[in-house]
Amino acid sequence: MSDAAPAGRTLDDDMYRRLFERRVLLLGEPLEDWNANRLCTGLILLALADPTADVRLLINSPGGSVPGMLAIRDCMRAVPCDVVTVNLGMAYSAGQFLLSSGTRGRRFAMPHSKVLLHQGSAGIGGTAMDIAIQADDLRHTRDTVLSLVAEDTGQDLATVERDSRRDRWFDARGALDYGFVDHLVTGLDDILPGTGTKGADR
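Residues numbered from 1 in each chain as written. Predicted model: local features only at pLDDT ≥ 70, side-chain atom pairs only at ≥ 80, totals over all residues. Heavy atoms only, no water.

Caption draft 1: A look at helix 3 (residues 66-78). Between its first and last C-alpha atoms helix 3 spans 18 Å; for 13 residues at 1.5 Å apiece the expected length is 18 Å, and the two agree. Turning to helix 3, its buried residues number three or more, namely Gly68, Met69, Ile72, Arg73, Cys75 and Met76. Along the axis of helix 3, the buried residues cluster in a sector spanning 160°; they form a single face. Looking at helix 3, the residues exposed on the side facing more than 90 degrees away from the buried face are Pro67, Asp74 and Ala78. (Helix = DSSP H or I, 4+ residues; strand = E, 2+ residues; numbered from the N terminus. Expected span 1.5 Å × (residues − 1). Buried < 20%, exposed > 50% of the residue type's maximum accessible area, 1.4 Å probe, protein only. Arc of directions from axis to C-beta.)

As structure tokens, then:
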């Protein structure tokens, strides 16, 4: 068995490293345990390196782990620096949760990006007692997530609960109106200062 890295892996690692040096983290795939840990670690390391400088989290993800997204949100709240979030293309499910968890007033969406709001699902099995325990935990997690989405968007909890019963899609303008983001952007200047000249559309 070859120990060589898959084609493109070295380039990917180099791009992540160069972004990290600019205090930028990227979630560009489904959220799983490995990248949730990577994002938490990145937030902590960057905050330790400079507790006053912004950290930027770029999101282009179909969603994923609920425990992972809650852990990342807790880290975002624990670090002293602002965490700027940007929807590059898709912020679905857990991606939506992280997008709206960014520092209020500093959450951005690119013009053709989309957001998906829905209730998470989980496999339940085992004995009748185990199923009852798992169902209680699932309800608690659902209620926690919905209350945090309501807090971050400014919507009332009843509205978020109703809207999340089935998949609900938002384009960039809809995401702005709902409160997932604060600005629409067409250039990188507001996302990565010093990289361009285009401004944000509030």
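Caption draft 2: Quick peek at a nonpolar patch on the surface. A cluster of nonpolar residues, Phe20, Ile44, Leu45 and Leu48, forms a patch on the protein surface that exposes about 380 Å² of accessible area. Tallying contributions element by element places helix 2 (residues 33-49) first for the nonpolar patch, with three residues. When you line up the elements, leucine 48 lands in helix 2. We classify leucine 48 as exposed; its relative accessible area is 67%. (Patch = residues over 30% accessible without salt bridge, like charges linked within 9 Å, V, L, I, M, F, W, Y side chains within 5 Å. Areas by Shrake-Rupley, 256 points an atom, 1.4 Å probe, with all protein chains shown as cover. Salt bridge = Lys/Arg side-chain N within 4 Å of Asp/Glu carboxyl O.)

Caption draft 3: Summary view of the pairing of strand 3 (residues 83-92). Taking burial as the measure, the 10 residues of strand 3 include seven buried ones, the bulk of the element. Here six bridges tie strand 2 (residues 55-61) to strand 3, and the two strands are oriented parallel to one another. Across the sheet, the residue bridging to arginine 56 is valine 84, located in strand 3. In the classification by handedness, the crossover that spans strand 2, the intervening helix 3 and the parallel strand 3 is right-handed. Pairing analysis gives three bridges linking strand 3 to strand 4 (residues 107-109), with the strands arranged parallel. Following the sheet pairing, threonine 85 is matched in strand 4 by arginine 107. What joins strand 3 to strand 4 is helix 4 (residues 94-100), and the crossover it makes is right-handed. Sheet topology note: the strand 3/strand 5 (residues 114-117) ladder contains three bridges and is parallel. (Pairing = 2+ DSSP bridges. Right-handed = clockwise from strand over helix to strand, strands pointing away.)

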